[in-house]
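# Summary of structural features
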Amino acid sequence: MKTEQDNFSKLIERAKTAKLTERERAAIFLTVDAYVKSHPLSAESGNFREKYRKFIAVKSPFSIPFLTDGIRPLVSAWHIHSARSLVAVFVVAVVIIGSGTSFAAQGSLPGDFLYPVRVNFNEEIKAVFLSDIRRPVYEIERLKTRVEEAKTLIAQDRMSDDIRNKIAVKVNSHISNVKKEVDGLTKNGDLKTAFEISNVLETSLKESESAISEELVGKEDAVEKELSSVKDIIRESREILTIARENAEEQILVQQTDDDSIKTIAEAKRQSVRKELDEINKEILTRREQATLTQDADSTAGFIVSEYDGVVSINVQEPSRGFDTELIQKLLAQGENLFDLGDEKLNASDFNAAFSFFSDALDVTAVIEMEMDSVTEDFNDEIDKIISDLEFGEQGII
Amino acid sequence: MDKEFGRQFQDIYKQSADAIFRYCLLRLSDRELARDLAQETFMKVWQYAQERGTIDNLKAFLFTTAKNLIIDQYRKKKTTSLEDMLERGFDIGVETYQGLIDRLDGEQALAVLNSIPEKYRDAIYMQYVEGLSVKEIASITAETENNISVRIHRGLQKMRSILGERDAASAVPEDEFRKQSKSDD
């Protein structure tokens, strides 16, 4: 009896394993999707919503997952979630290009009528067909697009509180999606991929931050303020990725999953340290050059003061006051030494030790940056004081 | 409310795509054909919903639609699963079912189930593989619930006796199973 039961149960269990492959599922979904789109439920007769409500067990696929600004996307969460794991780039092109509305929405900005179509339909449908690894990368691309949109609006003087909030919400949504994907990888034990993705994306956002920092130079106060808030948004997003990256690192080290993963995080740490040390060296050189340039001018504390027609103006090109060179140099030497020790361990395939040395080197670079930043702040305070004196009394010129 | 509609339909699709495909595969033993019919099933259901607007039990409705499409297909081309398998070189031989079942993949297991006589097959398949209730199966097959219960019971007995007797080194050929089934009519 037991044998009969086992055989029959086994047969049933085997039969249950017959399933559609992902590709087959995608093909069916897309065909049905196209059919559904070409045969929408009619809104003409009677109450449109009422007709939906009659549809008891099966509801319209044209339901609205994101009701934003009164624009109904042409596809619902059904489309998005059902096909989430599928890759079908050519179909994405057909879907997007085939829809006049979505195509027209492509160039829209926050506040434009078609913007929600672009963000909630065009971009979302593209995300549906991406792999688990490609999707977080795409979400960061979307995040950076939001940043570019914000910059465009600032340049066109079209930024408002409402739009700023909407952009912030969208950016938050993108980074949440990335975090979700990375957390999913971590949970599934794919720590190396989780680390690699969060590391790469963190670096990408850091570059965006740096780019905005450079753009801030010489801007009017109002524009500088807006751009600074955009930079803050990126920084917050980057910090979320930093946490995800550090989490993956920690788990790799704690679990000692495999040499390959530990080697990956050690090499990534090495790259970060090298980059930081090089930037510090470059900054020191820049400041020295600035100090040299301004020495000959009628300058005070490293900036140029000039007078024309009774009006005094102060031009600050780079903070050029010297800092505690000796301390900085000592710290830099320490950082380079730790870096070399890390390299030695890496070459000896002692990846745990290498990671440890590189982490220490990174801590040292953080200390150097704090020291240099505090110098910059002191110097800026000094400039502000001088300007204030000029404006309000001591020299009584402006 | 609209969000919920979308979610429900999404859930139904996710839950049912494999089941409908599997049922088509059981009946047709042709993967490509099964895929086409599964696709057509969902489209037909949407078409019905568009025209009538009300579907009480969607899962049962999906199976009913698939079944009707399969019948249409049968009119064009009749398939016998085990015969096809044998033609393709799948040799059952004299080995026990134990050994046989261990070697089956999903499609082959469905082919074995398809060898069960029709009046038992759907009922057993729908209950044991797809987890449908007697009520749902009755609705799909247009039979009474009592009939379905009896068929499941008898069909199961026969399946078990065949599978058990094979392992007791007493082979019961497929046609013997069919003979036993006919005697129950």
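Residues numbered from 1 in each chain as written. Chains lettered and ligands numbered in written order. Predicted model: local features only at pLDDT ≥ 70, side-chain atom pairs only at ≥ 80, totals over all residues. Heavy atoms only, no water.

It is worth spelling out unusual backbone geometry at this point. The phi torsion at D157(A) lies on the positive side, around 55 degrees, for a residue other than glycine. Here D157(A) is to be found in the loop between helix 8 (134-155) and helix 9 (161-187). Relative accessible area serves as the criterion here: at 70%, D157(A) is assigned to the exposed category. We note that S29(B) has phi near 55 degrees; this positive angle belongs to a residue other than glycine. Of note, S29(B) is situated in the loop between helix 1 (2-28) and helix 2 (31-52). Among the residues examined, S29(B) registers a relative accessible area of 19% and is labelled buried. (Helix = DSSP H or I, 4+ residues; strand = E, 2+ residues; numbered from the N terminus. Buried < 20%, exposed > 50% of the residue type's maximum accessible area, 1.4 Å probe, protein only.)

Quick look at the pattern of salt bridges now. Evaluated as defined, the whole model comprises 28 salt bridges over all chains. R35(B) is paired through a salt bridge with E24(A); the nearest N and O atoms lie 3.0 Å apart. With R35(B) in helix 2 and E24(A) in helix 2 (residues 22-38), the pair connects residues from two separate chains. Taking relative accessible area as the criterion, R35(B) reaches 23% and is therefore assigned partly exposed. According to the relative accessible area criterion, E24(A) is buried, its value standing at 8%. (Salt bridge = Lys/Arg side-chain N within 4 Å of Asp/Glu carboxyl O.)

With that settled, the discussion passes to the packing of helix 6 (residues 106-114) of chain B against helix 7 (residues 118-129) of chain B. All names here are of chain B. Contact geometry of helix 6 with helix 7 gives a least axis separation of 10 Å together with a crossing angle of 140 degrees. In terms of orientation, helix 6 and helix 7 fall into the oblique class. Each of L110, L113 and N114 in helix 6 lies in contact with helix 7, whose residues at this interface are R121, Y125 and V129. (Axes fitted to C-alpha atoms, helices over the stretch in contact; angles between N-to-C directions. Parallel < 35°, antiparallel > 145°, perpendicular 65-115°, else oblique. Contact = heavy atoms within 4.5 Å.)

This next bit is on the side chain of N114(B). The topology assignment puts N114(B) in helix 6. Side chain to side chain, N114(B) and R121(B) meet in a polar contact 3.0 Å long. (Polar contact = N/O pair within 3.5 Å; in protein donor to acceptor, adjacent residues only side chain to side chain.)

Under the counting rule described, the total for this entry stands at five aromatic pairs over all chains. Chaining the aromatic ring pairs together yields one cluster made of Y23(B), F63(B) and Y125(B). Over the aromatic face of F339(A) sits the side chain of R274(A), whose NZ or CZ is 4.7 Å from the ring centroid. (Phe/Tyr/Trp six-rings, centres within 6.5 Å; stacked < 30°, edge-to-face > 60°. Lys NZ or Arg CZ within 6 Å of the ring centre and 35° of its normal.)

Moving on, we come to helix 8 of chain A. Over its 22 residues, helix 8 of chain A extends 32 Å from the first C-alpha to the last, a length consistent with the 32 Å expected when each residue adds 1.5 Å. Positive backbone phi, at 55 degrees, marks D157(A), one or two positions downstream of helix 8 of chain A. (Expected span 1.5 Å × (residues − 1).)

Right, let's talk about the packing of helix 9 of chain A against helix 11 (residues 221-255) of chain A for a bit. Residues and elements named next belong to chain A. At a minimum axis distance of 11 Å, the contact between helix 9 and helix 11 shows a crossing angle of 10 degrees. Regarding the angle of helix 9 to helix 11, the classification is roughly parallel. From helix 9, R164, A168, V171, I175, V178, K179, V182 and T186 reach across to helix 11, where they touch E226, S229, I233, S237, I240, L241, A244, N247 and Q251. Looking at the contact of helix 9 with helix 11, its residues break down into nine nonpolar, five polar and three charged. (Nonpolar A, V, L, I, M, F, W, Y, C, P; charged D, E, K, R; others polar.)

Another point: helix 13 (residues 325-347) of chain A. A rise of 1.5 Å per residue sets the reference length of helix 13 of chain A, with its 23 residues, at 33 Å; its end C-alpha atoms lie 33 Å apart and thus fit the reference within 8%. Turning to helix 13 of chain A, its buried residues number three or more, namely I328(A), L331(A), L332(A), G335(A), L338(A), F339(A), G342(A), D343(A) and L346(A).

This brings us to the confidence of the model for chain A. Predicted coordinates in regions of low pLDDT should not be interpreted in detail. Residues and elements named next belong to chain A. Summarising the model, chain A shows a mean pLDDT of 70, and 62% of its residues fall at 70 or more. Considering each helix and strand of chain A separately, the mean pLDDT is smallest for helix 3 (residues 48-54), with a value of 38, and largest for helix 13, with 88. Contacts of residues 43-99 to residues separated by more than four positions or lying in other chains number 143 contacts, the stretch itself having pLDDT below 50. (pLDDT = per-residue confidence, 0-100.)

With that out of the way, let us pick up the environment of A111(B). Structurally, the position occupied by A111(B) is in helix 6. Sequence separation between A111(B) and L26(B) is 85 residues; the distance between their C-alpha atoms is 6.2 Å.

Moving on, we come to the environment of I234(A). One can find I234(A) in helix 11. Distance from I234(A) to K144(A), taken between C-alpha atoms, is 8.5 Å for residues 90 residues apart in sequence.

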